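For reference, the chains in residue letters:
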Amino acid sequence: NFTELDYKSIVNKTLSDDDSKYYRATVKDVISEYKDNFYMVYNRNGVDVKQIEMYCDNLRKSGIIIDDIYIDYLTLLNSMDDHKKSDVEKFMALPKEVRQLSQKTHTRVFSAGQLDVSAVQKEIEEISLDDMHYVKNALSQEATNVLFLGLDTNTRKLKIKHLLGRNGMNLEIYEFPTYDYNKVYLGDDRVAIKEEIDGF
């Protein structure tokens, strides 16, 4: 992302000699700049919010304050009541656990989720929480903001839409006309649609 080079060329190792040198130098600079500002929690058997909380507490005791937590992604996170719940119950519990994690650690928590396949057939303007797989209702109750990122396969336009969350509803749809998927770059956004609902 920092290099803005073609992602597939990096993965397939088909960069030119100059781009390859530039890539290695940029990665080295990024690692140097962020080495004391980025920490990863990983466990082959999975991670739950209690483990993340303990990790943050240990860092805080060392004088390191965590500002943001990124969870990749929500439905891969273990619920703290995992042994008592079905998959559906587990995924309904996760948003609340994540909100409590944010409160206990005094951080902002960002997490990706996944839509049910049926939502792919809809225009982004028509996407609602009912299209969310497993966590739809819990998300609207627990998440401060719920965003849906969608790519129109016909027009190749990338858009972001707000769904109902604790902050209410934002009806603006943000469009990224200059995004480049191969460079993992969204580009500049602009408001594509804005509507007013009487009495909302």
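Refer to the structure printed above.
A brief look at the structure comes next. Only a predicted model underlies this, so the values are computations on that prediction, with no experimental measurement involved.

Some thoughts on a nonpolar patch on the surface
So, step 1. Taken together, the side chains of Phe2, Tyr34, Phe38, Met40 and Tyr42 present a nonpolar region at the surface, about 660 Å² in accessible area.
So, step 2. Secondary-structure assignment places Phe38 in the loop between helix H2 (17-34) and helix H3 (49-61).
So, step 3. A relative accessible area of 55% places Phe38 in the exposed class.

A word on the pairing of strand E3 (residues 146-151)
One face of the sheet, then the other: side chains in a regular strand alternate in exactly this way.
So, step 1. Here E3 shows one buried face, formed by Val146, Phe148 and Gly150, and one open face, formed by Leu147, Leu149 and Leu151.
So, step 2. Bridge count between E3 and strand E4 (residues 158-163): 6 bridges; the pairing is antiparallel. In the sheet register, Leu149 faces E4, and the bridge partner there is Ile160.
So, step 3. Connecting the antiparallel pair E3 and E4 is a turn made up of 6 residues, with Arg156 showing a positive phi of about 60 degrees.

Let's talk about the pattern of salt bridges
So, step 1. For the coordinates displayed, the defined rule picks out 6 salt bridges.
So, step 2. Note that Glu142 and Arg99 form a salt bridge whose closest N and O atoms lie 2.4 Å from each other. Within this pair, whereas Glu142 is found in helix H5 (residues 136-142), its partner Arg99 is found in helix H4 (residues 87-105), the two being separated by 43 residues in sequence.
So, step 3. On the basis of relative accessibility, which here comes to 13%, the residue Glu142 falls in the buried class.
So, step 4. The partner of Glu175 in a salt bridge is Lys157, and the shortest N-O contact between them spans 4.0 Å.

Quick notes on the packing of H3 against H4
So, step 1. In the contact formed by H3 and H4, the axes pass within 10 Å of each other and the chain directions differ by 10 degrees. As far as their axial angle goes, H4 and H3 are roughly parallel. Counting all contacts with H3, which are made through Val49, Ile52, Glu53, Cys56 and Arg60, the residues of H4 involved are Glu97, Val98, Leu101, Lys104 and Thr105.

Rules of the game
Residues numbered from 1 in each chain as written. Predicted model: local features only at pLDDT ≥ 70, side-chain atom pairs only at ≥ 80, totals over all residues. Heavy atoms only, no water. Patch = residues over 30% accessible without salt bridge, like charges linked within 9 Å, V, L, I, M, F, W, Y side chains within 5 Å. Areas by Shrake-Rupley, 256 points an atom, 1.4 Å probe, with all protein chains shown as cover. Salt bridge = Lys/Arg side-chain N within 4 Å of Asp/Glu carboxyl O. Helix = DSSP H or I, 4+ residues; strand = E, 2+ residues; numbered from the N terminus. Buried < 20%, exposed > 50% of the residue type's maximum accessible area, 1.4 Å probe, protein only. Pairing = 2+ DSSP bridges. Axes fitted to C-alpha atoms, helices over the stretch in contact; angles between N-to-C directions. Parallel < 35°, antiparallel > 145°, perpendicular 65-115°, else oblique. Contact = heavy atoms within 4.5 Å.

Taken by themselves, the reported measurements are silent on function.
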